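What follows is each chain in one-letter form.
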Amino acid sequence: MIKNVQSYIMPTYGQNELEFVRGEGVYLYSAENKKFLDFGSGIAVNSLGHCHPKLVSVLKDQASKLWHTSNLYYSSAKEKYAELLCKSTFAEQVFFTNSGTESIECGLKLIRSYHSIKNKSYKDTIITFDNSFHGRSIAAISGQNNPKYTKGFEPLLDGFISIPFNDLNILEKTINEKTSAIMIETIQGEGGVNPISIKILDSIKNLCLKNNILLFIDEVQCGFGRSGKLFSYQWSNIEPDLMAVAKGIGSGFPMGACLATKESAVGMTLGKHGSTYGGNPLAISVGLAVLEEINSKGFLNNIQELSNYLWKHLKDLENKHDKIIEVRGAGLLLGIKTTEDNNKICKLLESKGLLTLPASDNVVRLAPPLIIKKKHIDDAIEIINQIM
Ligand SMILES: *Cc1c(COP(=O)(O)O)cnc(C)c1O
């Protein structure tokens, strides 16, 4: 443990003395070799846990062959992976990025280019939702209307209006001829683990169709199996026009993608967008292996079974402990709203060897790797029970 040393890193993340030096499956090991059960997954990132043998193997293999060429050249692996992403979803085209924010940025440009090419540039306003999180770029924070992220960074970009989440009435009243798109997380992660109502999602889709509005879903946090389906919109009968993904896509390898229908992407023609690293061979090799694993027989069913098991045990704790106000969420993205300070609860859990994540609205967020087993859930429940 290193204390009170001068840091050369900008202090945007505050200080934490806990350092991990090794990860294996659902466990992380600190510099002092203390073992932690990881129910944070590096913020819903390590979908297949730490150092999954298959991912280590494909990455090592790729690392000894080819790291980078640039998107100026053809890549059959990238084509194959893009095809698999499309065949697993509503999408027909993919743009590869390196992060969630970049996937959002690509989507925002796609929306503007779509209405521009249709000679409807007057459609210049994207509806977003209170407590949403879409990243930290100027465009992303402009869409969030949350002083926690925007203060000191004004002027923000025009072209966004934020309204309450899960309120169809207000949404209907807000839509007008200037509305270009609706950008929404199907499960708000940072905002406190709030799933959208499937019924409202259905209605949103209808409103989009009726008013020539693009539906932009942000599944950066809740995608890639976390909800028990490959993507959480797949619990409904609707399909978005475009979707941003990242986090779980690479199980720890930095990557992301913006997925879209061919029609919505009509404006994204030659020269309209770019990325030096997006779709880098290392990322593609890992991404393909992750997707094959999540798509493998029984994988998603197992997540549904595990999440029911975790949900039931958390509900028992909710009934038992006054400090728990509510358990909410979906799949393996669950939140415990507590009467105590959520950061304090997370620290207490950490001291007992369980890693979790704070979220807004005083929520302790659980986002374990999708490869957990019942015994890991039992261990986590036992620790939560102890400290509540
Ligand atoms: C994390 C997150 C982002 C931003 O992703 P980065 O990889 O941090 O840029 C965007 N949207 C949602 C829903 C997220 O959870």
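Check the entry above for the structure.
Residues numbered from 1 in each chain as written. Predicted model: local features only at pLDDT ≥ 70, side-chain atom pairs only at ≥ 80, totals over all residues. Heavy atoms only, no water.

1. Re the sheet that holds strand β15 (residues 354-355)
Consider a sheet: its strands pair through backbone hydrogen bonds, and that pairing is either parallel or antiparallel.
Step number 1: Read across the sheet, four strands follow the order β1-β2-β3-β15 without closing on themselves; strand pairing throughout is mixed. Taken across any chain shown, the strands that pair with only one partner, and hence form the sheet edges, are β1 (20-24) and β15.
Step number 2: The pairing of β1 with strand β2 (residues 27-30) spans four bridges and is antiparallel. Residue pairing in the sheet places Glu-24 in a bridge with Tyr-27 of β2. (Pairing = 2+ DSSP bridges. Helix = DSSP H or I, 4+ residues; strand = E, 2+ residues; numbered from the N terminus.)

2. Let's talk about the pairing of strand β11 (residues 242-245)
Step number 1: The side-chain alternation of β11 yields two buried faces, one formed by Leu-242 and Ala-244 and the other by Met-243 and Val-245.
Step number 2: Here strand β10 (residues 214-218) pairs with β11 via three bridges, running parallel. Counterpart to Asp-218 in the pairing with β11 is Ala-244.
Step number 3: The pairing of β11 with strand β12 (residues 256-260) spans four bridges and is classified as antiparallel. (Buried < 20%, exposed > 50% of the residue type's maximum accessible area, 1.4 Å probe, protein only.)

3. Digging into the pattern of salt bridges
Step number 1: A complete count under the given rule lists 15 salt bridges for this structure.
Step number 2: Between Asp-361 and Lys-337 there is a salt bridge whose closest N-O contact spans 3.0 Å. Residue Asp-361 is located in the loop between β16 (357-359) and β17 (363-366), and its partner Lys-337 is located in strand β14 (residues 333-338); the two are separated by 24 residues in the primary sequence.
Step number 3: The buried category is assigned to Lys-337, whose relative accessible area is 18%. (Salt bridge = Lys/Arg side-chain N within 4 Å of Asp/Glu carboxyl O.)

4. Structural notes on the site of the ligand
Step number 1: Neighbouring residues of the ligand: Ser-99, Gly-100, Thr-101, Phe-133, His-134, Gly-135, Glu-185, Asp-218, Val-220, Gln-221 and Lys-247.
Step number 2: Here an oxygen atom of the ligand and a side-chain polar atom of Thr-101 are 2.5 Å apart.
Step number 3: Surface burial for the ligand is 83%, taken as the share of its 380 Å² of free accessible area covered by protein chains.
Step number 4: Its residues placed into classes, the shell around the ligand shows two nonpolar, six polar and three charged. (Near = heavy atom within 4 Å. Polar contact = N/O pair within 3.5 Å; in protein donor to acceptor, adjacent residues only side chain to side chain. Areas by Shrake-Rupley, 256 points an atom, 1.4 Å probe, with all protein chains shown as cover. Nonpolar A, V, L, I, M, F, W, Y, C, P; charged D, E, K, R; others polar.)

5. Quick word on the nonpolar core
Step number 1: Ranked by size, the top nonpolar core spans 77 residues in total, and within it Ile-182 and Leu-314 carry the most contacts.
Step number 2: Ignoring sequence-local partners within four residues, the contact set of Leu-314 consists of Val-327, Leu-334, Ile-336, Leu-366, Ile-381 and Ile-384.
Step number 3: Ranked by size, the runner-up nonpolar core spans 20 residues in total, among them Cys-106, Phe-160, Leu-214 and Cys-258. (Core = buried A, V, L, I, M, F, W, Y, C linked by side-chain atoms within 4.5 Å. Contact = heavy atoms within 4.5 Å.)

6. Here we look at unusual backbone geometry
Step number 1: Between Glu-154 and the following residue, Pro-155, the backbone shows a cis peptide bond with an omega angle of 0°.
Step number 2: With respect to the secondary-structure elements, Pro-155 resides in the loop between α6 (147-150) and β6 (160-163).
Step number 3: You will see that Asn-145, though not glycine, has its phi angle at about 50°, which is positive.
Step number 4: A relative accessible area of 52% means that Asn-145 is categorised as exposed.

7. Quick look at the pairing of strand β7 (residues 179-185)
Step number 1: The buried count for β7 comes to seven of seven residues, which makes it a mostly enclosed element.
Step number 2: Pairing analysis gives three bridges linking strand β5 (residues 125-129) to β7, with the strands arranged parallel. When the bridges of β7 are listed, Thr-125 appears paired with Thr-179.
Step number 3: Sheet analysis places β7 next to β10, joined by five bridges and oriented parallel. Directly across from Ile-184, in β10, lies its bridge partner Ile-217.

8. Structural notes on the packing of aromatic side chains
Step number 1: According to the stated counting rule, one finds six aromatic pairs in the structure shown.
Step number 2: Seen from their ring centres, Phe-20 and Phe-36 are 5.4 Å apart, and the 85° between their planes marks the pair as edge-to-face. With a gap of 16 residues between them, Phe-20 in strand β1 and Phe-36 in strand β3 (residues 35-38) connect regions that are remote in the sequence.
Step number 3: Relative to Phe-96, the ring of Tyr-81 has its centre 5.5 Å away and its plane inclined at 10°; by these criteria the two rings are stacked. In this pair, Tyr-81 sits in helix α3 (residues 76-87) while Phe-96 sits in strand β4 (residues 93-97), placing the two residues 15 residues apart along the sequence.
Step number 4: The exposure class assigned to Tyr-81 is buried, which follows from its relative accessible area of 0%.
Step number 5: Against the face of Tyr-27 rests Lys-35, its NZ or CZ located 4.2 Å from the ring centre. (Phe/Tyr/Trp six-rings, centres within 6.5 Å; stacked < 30°, edge-to-face > 60°. Lys NZ or Arg CZ within 6 Å of the ring centre and 35° of its normal.)

9. Here's the deal with helix α10 (residues 299-320)
Residue pairs three or four apart in sequence face the same way in an α-helix, which turns once every 3.6 residues.
Step number 1: The end-to-end C-alpha separation of α10 is 32 Å, in line with the 32 Å expected for 22 residues at 1.5 Å each.
Step number 2: Phe-299, Leu-300, Ile-303, Leu-306, Ser-307, Leu-310, His-313, Leu-314, Leu-317 and Glu-318 are the residues of α10 that are buried. Down the axis of α10, the buried side of the element spans an arc of 150°, and every buried residue falls inside it. Residues of α10 that are exposed and angled more than 90 degrees away from the buried face: Asn-301, Asn-308, Asn-319 and Lys-320.
Step number 3: Tucked into the core, α10 has its buried residues touching α9 (281-295), β13 (324-330), β14, β17 and α12 (374-387). (Expected span 1.5 Å × (residues − 1). Arc of directions from axis to C-beta.)

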